[in-house]
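# Commentary on secondary and tertiary structure
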Amino acid sequence: MYIAEQIKRLRSELPEGVNLLAISKYQPIESLQEAYDAGQRMFGENHIQEMAAKAAALPKDIAWHFTGHVQTNKIKYMASFVSLIHAVDSFRLLREINKHAAKHNRVIDCLLQIHIAQEDTKYGLMVQECRELLAHEPWRELENVRIVGLMAMGSNTDDMEQVRGEFRQMKQLFDELKETYFADEPSFCQLSEGMTDDYPIAIEEGSTIVRIGSMIFGDRVYL
Ligand SMILES: *Cc1c(COP(=O)(O)O)cnc(C)c1O
């Protein structure tokens, strides 16, 4: 019951235009089913094979979002069904996704992941790298992928003003890129940011997809 209540509470709390992505990585099928029965239809996973196994076991009207780091040799396991890939951080990856999408006659929606937090991680494009990718790489020629927005993780800190500043920077970047490259493309409209600890701030700063895991499902059990 806990999961259903959390889903319902969150959905009633989110403003219009903000989508709830339930991050279900490491959660058992029964937990996803409970969220589904409470009306949830967007789930996010971080491991491609885990997502594929869950997709096979659960109802077909679920939109599966991949929020983890993409390993190119595993794209083939999700190319037939994934609905949105959140963490694209190179042109090379975009090209690989394009190749697999073409085999299934699909156009796969992708977000560019921006490295905005203070943490030292190897994932995500620096702001300047993102500008350069869009300015110089032939991404418009990739007919089977579509860039529909940006994704980021805020810093893992108690300093919420720090996190707010990062989300604000993301919104500015989003607006800049929208105007420069996607002015005629209404499909470029997603800003994926905000997790259990910082989603209210992300929403205030313009998020359109909040990615919430532990608040819905409780703590993850890492096996
Ligand atoms: C795990 C994860 C989340 C959800 O985190 P919670 O703090 O449990 O809400 C969101 N986004 C990404 C990319 C994640 O890996």
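Throughout what follows, the structure given in this document is the object of discussion. All chains use their own residue numbering, which begins from 1 and follows the written sequence. Local features in this predicted model are restricted to residues whose pLDDT is 70 or higher, and side-chain atom pairs enter the listing and the counts only when it is 80 or higher, whereas totals over whole chains, interfaces and linings include all residues. Side-chain measures here rest on the full set of heavy atoms in the structure, leaving out hydrogens and waters.

The next point concerns the packing of aromatic side chains. What counts as a ring pair is set by centres within 6.5 Å for rings of Phe, Tyr and Trp (its six-membered ring), and what kind of pair is set by the plane angle: stacked under 30 degrees, edge-to-face over 60, tilted for all other angles. Inspection of the entire model under this criterion finds 6 aromatic pairs. Taken together, a centroid distance of 5.8 Å and an interplanar angle of 35 degrees make the contact between Phe-43 and Trp-64 tilted. With a gap of 21 residues between them, Phe-43 in strand S2 (residues 42-45) and Trp-64 in strand S3 (residues 63-66) connect regions that are remote in the sequence. Each member of the pair, Phe-43 together with Trp-64, is buried. Here the aromatic residues Trp-139, Phe-174, Tyr-181, Phe-182 and Phe-188 are joined through ring pairs into a cluster of three or more. Across the ring face of Tyr-36, the terminal group of Arg-41 is positioned such that the distance to the ring centre comes to 3.5 Å. Each helix is a run of DSSP H or I of at least 4 residues and each strand a run of E of at least 2, with the numbering of both proceeding from the N terminus. Exposure is judged per residue with a 1.4 Å probe applied to protein chains only, and the accessible area is read against the type maximum: over 50% gives exposed, under 20% gives buried, and values in between give partly exposed. Any Lys NZ or Arg CZ found within 6 Å of a ring centre and within 35 degrees of that ring's normal is scored as a charge over the ring.

Turning next to the site of the ligand. The near set for a molecule or strand comprises every residue that places at least one heavy atom within 4 Å of it. Taken together, the neighbourhood of the ligand is formed by 13 residues, with Lys-25, Asn-46, Thr-196, Ser-214 and Arg-220 sitting nearest. Within the side chain of Lys-25, one N or O atom sits 2.6 Å away from an oxygen atom of the ligand. We call two N or O atoms a polar contact when they sit within 3.5 Å, provided that within protein one can donate a hydrogen and the other can accept it, with sequence-adjacent residues counted only if both atoms are side-chain atoms. One of the side-chain nitrogen or oxygen atoms of Ser-214 is found 2.7 Å away from an oxygen atom of the ligand. The protein chains hide 91% of the 390 Å² of surface that the ligand would expose on its own. All accessibility values rest on the Shrake-Rupley procedure with a 1.4 Å probe; residue burial counts only the protein chains present in the view.

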